[in-house]
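This is what each chain is made of:
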Amino acid sequence: MNILVTGGAGYIGSHVVEELQKSGFIPIVYDNFSTGHAAAVPEDVQLVEGDIHNTVFAKHIMEQFGIDAVIHFAASSLVGESMENPANYYFNNVEGSLHLLEAMREVGVDKIVFSSTAAVYGEPENVPITENSKVQPTNVYGHSKLMIERMLADYDMAYDMHYVALRYFNAAGASFSCDIGEDHSPETHLIPLILKTAQGVRKHVSIFGTDYPTNDGTCVRDYIHVCDLAVAHILALEHLLKGGTSRVYNLGSENGLSVQEIIKSAKKMTNVDFPVVEEQRRPGDPAVLIASSDKIRQELGWMPAQSNIETIIGTAWRWYQAHPRGYEN
């Protein structure tokens, strides 16, 4: 089956493309390269440069390749930037997704797996966070993703377009092939920042707040290996292709690790005692974010097999050692 992967040249998208190939699907990557990398797409995968806003071209590609379903990653995804430039996020994420859905509807593609985010929950009232927890985003990025989820529900109701929305917690790690990994500009994720400091590319790692109500005073997050995320996308896709109804799932390891614990593990695994600087809290950072992923485990049989911190840091470290300048290599 032919699967259109919007944003398939990005970090998570490229890992899902790899998993699609392993699972016998034929991915067609559709990316405008605003943040993605052509080098992240295997040479034997059809790569189309295009924008989800271009409904006419998107329809043409879906018809040309006989697309059976869509996996939708294309989006702007920096929380800080979303607060400084909300227009960009409502345009790229919400309006862009609307154009994609319209293109799908007009050519009769009625199945979509959507890359959502735990940011839809905002500051959680209870931990672990379930899919029934209150959605109250604290940033524009989270608002934009929640709006897309609601569009998907409306399209399901009106046009019988079925979807699975996957709410990620902290994606990390790299492919075991060492061919693809995390390469953002600017980089904002903790583990890449730590490993770039261990490499000597950065001068130090910052800890934003050491007075949170946690065991060591630093924020606690739920880290999930990107390859486990990729497997979840295949299970979600197969669910829809078998005629399954629309669903929303959390994707997390259900284990919380603090910033200090991540730094300690990285120092041990890299054997580098890199500099760490303590700074003030950033506004809007919740103390603890841990997922409950019971729902997808029970319904789709998903199990995050690679999401221990040793595997996450180990695969990411091998990627950065092999690609010290990212995809520029």
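The notes below deal with the structure included here. (Residues numbered from 1 in each chain as written. Predicted model: local features only at pLDDT ≥ 70, side-chain atom pairs only at ≥ 80, totals over all residues. Heavy atoms only, no water.)

**Overview of the overall build of the protein chain**
Right, on to step 1. Scanning the protein chain for helices and strands turns up 10 helices and 13 strands.
Right, on to step 2. Its C-alpha atoms give the protein chain a radius of gyration of 19 Å, within 12% of the compact-globule value 20 Å for 329 residues.
Right, on to step 3. Along the first, second and third principal axes, the C-alpha atoms of the protein chain reach 55 × 45 × 40 Å.
Right, on to step 4. Residue pairs at least 24 apart in sequence account for 78% of intrachain contacts in the protein chain once pairs closer than 6 positions are excluded.
Right, on to step 5. Carbon and sulfur atoms make up 48% of the accessible area of the protein chain, which totals about 14,300 Å². (Helix = DSSP H or I, 4+ residues; strand = E, 2+ residues; numbered from the N terminus. Rg over C-alpha atoms; globule rule 2.2 N^0.38 Å. Contact = heavy atoms within 4.5 Å. Areas by Shrake-Rupley, 256 points an atom, 1.4 Å probe, with all protein chains shown as cover.)

**Looking at the nonpolar core**
Right, on to step 1. Grouped together as the largest cluster of nonpolar side chains are 35 residues, with contacts concentrated most on I12, L20 and L166.
Right, on to step 2. Put simply, the parts of the chain that give this core at least two residues each are β1 (2-6), α1 (11-22), β4 (69-72), β6 (162-168), α7 (226-241), β10 (247-251) and α9 (294-300).
Right, on to step 3. Residue contacts for L166: discarding those within four places in its chain leaves V113, F114, S115, S116, T117, A232, H233, A236, Y249, L251 and I296.
Right, on to step 4. The next biggest cluster of nonpolar side chains, apart from the first, holds 28 residues, and it includes L195, A266, I312 and Y320. (Core = buried A, V, L, I, M, F, W, Y, C linked by side-chain atoms within 4.5 Å. Buried < 20%, exposed > 50% of the residue type's maximum accessible area, 1.4 Å probe, protein only.)

**What to know about the packing of aromatic side chains**
Here a ring pair, both rings aromatic, is described through the centre-centre distance and the interplanar angle of the planes.
Right, on to step 1. Scanning all chains against the criterion turns up 3 aromatic pairs.
Right, on to step 2. Directly above the aromatic system of Y159 lies the positively charged group of R105, at a separation of 4.6 Å from the ring centroid. (Phe/Tyr/Trp six-rings, centres within 6.5 Å; stacked < 30°, edge-to-face > 60°. Lys NZ or Arg CZ within 6 Å of the ring centre and 35° of its normal.)

**Topic: the state of the cysteines**
Cysteine pairs can be covalently joined through their sulfur atoms, and such a bond is termed a disulfide.
Right, on to step 1. Tallying each qualifying case throughout the model produces 0 disulfides.
Right, on to step 2. Between C178, a free cysteine, and C227, which holds the nearest cysteine sulfur, the sulfur-to-sulfur gap is 11 Å.
Right, on to step 3. Relative accessible area serves as the criterion here: at 21%, C178 is assigned to the partly exposed category. (Disulfide = S-S within 2.5 Å.)

**Quick notes on the pairing of strand β5 (residues 111-117)**
Right, on to step 1. Taking burial as the measure, the 7 residues of β5 include 6 buried ones, the bulk of the element.
Right, on to step 2. Pairing geometry for β4 and β5, over 3 bridges, is parallel. Among the inter-strand pairings, V70 is bridged to a residue of β5, identified as I112.
Right, on to step 3. Inspection of the sheet shows β5 paired to β6 by 7 bridges, in the parallel sense. Looking across to β6, one finds that K111 is bridged to H162.
Right, on to step 4. The handedness of the β5 to β6 crossover, carried by helix α5 (residues 140-159), is right-handed. (Pairing = 2+ DSSP bridges. Right-handed = clockwise from strand over helix to strand, strands pointing away.)

**Remarks on the packing of helix α6 (residues 190-199) against helix α8 (residues 259-270)**
Right, on to step 1. At a minimum axis distance of 10 Å, the contact between α6 and α8 shows a crossing angle of 40°. Relative to α8, the element α6 lies oblique. Viewed along their axes, α6 and α8 form a crossing whose handedness is right-handed. Contacts between α6 and α8 involve L190, I191, I194, L195 and A198 from the first element and V259, I262, I263, A266 and T270 from the second.
Right, on to step 2. Taken together, the residues that form the contact of α6 with α8 break down as 9 nonpolar, 1 polar and no charged. (Axes fitted to C-alpha atoms, helices over the stretch in contact; angles between N-to-C directions. Parallel < 35°, antiparallel > 145°, perpendicular 65-115°, else oblique. Left-handed = near helix turned anticlockwise from the far one by under 90°. Nonpolar A, V, L, I, M, F, W, Y, C, P; charged D, E, K, R; others polar.)

**Let's talk about the environment of L101**
Right, on to step 1. Note that L101 resides in helix α4 (residues 86-107).
Right, on to step 2. Between the C-alpha atoms of L101 and I52, which are 49 residues apart in sequence, the distance is 9.3 Å.
Right, on to step 3. What L101 contacts, discounting residues up to four positions off in sequence, is I112, M151, L152, Y155 and M161.

**So, the pattern of salt bridges**
Right, on to step 1. Counted according to the given criterion, the structure contains 10 salt bridges.
Right, on to step 2. With a shortest N-O distance of 2.8 Å, E102 and R105 are connected by a salt bridge. A residue pair is termed a helical-turn pair when its members lie 3 or 4 positions apart in one helix, as E102 and R105 do in helix α4 at 3 residues.
Right, on to step 3. On the accessibility criterion, R105 (35% relative accessible area) is partly exposed.
Right, on to step 4. Ionic pairing is found between E149 and R167, a salt bridge with its closest N-O pair at 2.7 Å. Of this pair, E149 sits in helix α5 while R167 sits in strand β6, placing them 18 residues apart in sequence. For the pair formed by E149 and R167, the shared burial category is buried. (Salt bridge = Lys/Arg side-chain N within 4 Å of Asp/Glu carboxyl O.)

**Digging into unusual backbone geometry**
Right, on to step 1. Omega for the peptide link from V127 to P128 comes to 5°, which places this bond in the cis form.
Right, on to step 2. Inspection of the secondary structure puts P128 in the loop between β5 and α5.
Right, on to step 3. Of the consecutive residues S185 and P186, the connecting peptide bond is found in the cis state with omega at 0°.
Right, on to step 4. Along the chain, P186 turns up in the loop between β7 (170-172) and α6.
Right, on to step 5. One non-glycine residue, F33, lies in the positive phi region at around 60°.
Right, on to step 6. Structurally, F33 is set in the loop between β2 (26-31) and β3 (46-49).
Right, on to step 7. Even without glycine at this site, C178 takes up a positive phi of about 70°.
Right, on to step 8. Relative to the assigned elements, C178 resides in the loop between β7 and α6.

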